Amino acid sequence: AVVDQLIGSEDYIEHWTNRWADLLMVNGKFLGGEGATGYRKWIRAAIAENRPYDQFVREVFTSTGSNREHPAGSYFKVLRTPDLMAETSTQVFLGVRFNCNKCHDHPFEKWTQDNYYGWAAFFADVKLEKDPESGDRTVAGSAVEAAQPLFEMITDAPGGKMIHLRTSQPTPAKFPFEVNTGVAEDERASHTLRQQAAAWITSADNPYF
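Now for a look at the structure at hand. Sequence order as written defines residue numbering, which begins from 1 separately in each chain. At least 70 in pLDDT is required for a residue's local features to be given in this predicted model, at least 80 for side-chain atom pairs to be given and counted, and no such filter applies to totals for whole chains, interfaces and linings, which use all residues. In computing side-chain values, all of the structure's heavy atoms are included and hydrogens and water are not.

**Here we look at the overall build of the protein chain**
Helix and strand content of the protein chain: eight helices and five strands. Going from N to C terminus, the protein chain has its helices and strands arranged as α-α-α-α-β-α-α-α-β-β-β-β-α. Only the C-alpha atoms count toward the radius of gyration. The rule for a globule is 2.2 Å times the residue count to the power 0.38. The C-alpha radius of gyration of the protein chain comes to 18 Å, within 12% of the 17 Å expected for a compact globule of 209 residues. With the principal axes as the frame, the protein chain shows a C-alpha extent of 50 × 50 × 35 Å. Each residue is placed in one exposure class: buried if its accessible area under a 1.4 Å probe, protein chains only, is under 20% of its type's maximum, exposed if it is over 50%, and partly exposed if it falls in between. In the protein chain, buried positions account for 42% of the 209 residues. Contact criterion: two residues are considered in contact whenever any of their non-hydrogen atoms come within 4.5 Å of each other. Of all intrachain contacts in the protein chain linking residues separated by at least 6 positions in sequence, the fraction that spans at least 24 positions is 63%. A 1.4 Å probe and the Shrake-Rupley method give the accessible areas. Residues count as covered only by the protein chains that appear here. Accessible area for the protein chain stands at about 11,100 Å²; split by element, carbon and sulfur atoms hold 51% of it. Neither His nor the chain termini are counted; the positive set is Lys and Arg, and the negative set is Asp and Glu. Here the site of a charge means NZ on Lys, CZ on Arg, CG on Asp, or CD on Glu. A gap of 4 Å separates the mean positions of the 21 positive and 28 negative side-chain charges of the protein chain. Under the scheme used here, helices are H or I runs from DSSP no shorter than 4 residues and strands are E runs no shorter than 2 residues, and both carry numbers assigned from the N terminus.

Put into structure tokens, the structure is as follows:
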């Protein structure tokens, strides 16, 4: 009874909201105050309703449209590039670091450079475009980085390429290891690469998830 009382408490919800806000990079520098607030509210609602973890992660991975209306898409607005999307996703959701193997096979782990680029290729189709509702409002920006629209549309544009550092050739999307995703081989073409990645990372057969 005490456990149920504590888990259902406002303090519990607030603690885990803050924890996931850190992991999912709720940051006003990249999202603006309005965007960061919406993103955090989405996370808090998921914690408060005890949304299943696999559903929560799939919603992040497959979020489409403006991050103003679909705050989970802020994950991609913050990261912006396929390599950062790949690296962050393995570390946050799998507890695996895909950093060292960007430039060479990992010297102490089984992960290879091919694993890195094959996984990163699942995010090569992600496209960010300005949400007209942003108007002239922008976020970030520095001497070396252009300011971005306050809100952006997250879409999938087939044909994106992830260039392998060693071969200088486009890398086909390939999972670091095979699991049962529930998506048949002949059905994959009807799923976006992000949808395929979501099915893979949240699979009950994925031992790292």
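**Points about the sheet that holds strand S5 (residues 152-156)**
Two strands form a pair only when DSSP identifies at least two bridges running between them. Pairing within the open sheet is antiparallel, and its three strands lie in the order S1-S5-S2. Two strands in the sheet have a free side with no partner beyond their single neighbour: strand S1 (65-66) and strand S2 (126-130).

**Describing unusual backbone geometry**
Glycine aside, residues mostly have negative phi, and peptide bonds are mostly found in the trans state. Despite not being glycine, Met25 shows a phi value in the positive range, around 60°. The topology assignment puts Met25 in the loop between helix H2 (10-23) and helix H3 (28-48). For Ser168, which is not a glycine, the phi torsion comes out positive at approximately 60°. Tracing the sequence through the fold places Ser168 in the loop between S5 and helix H8 (193-201).

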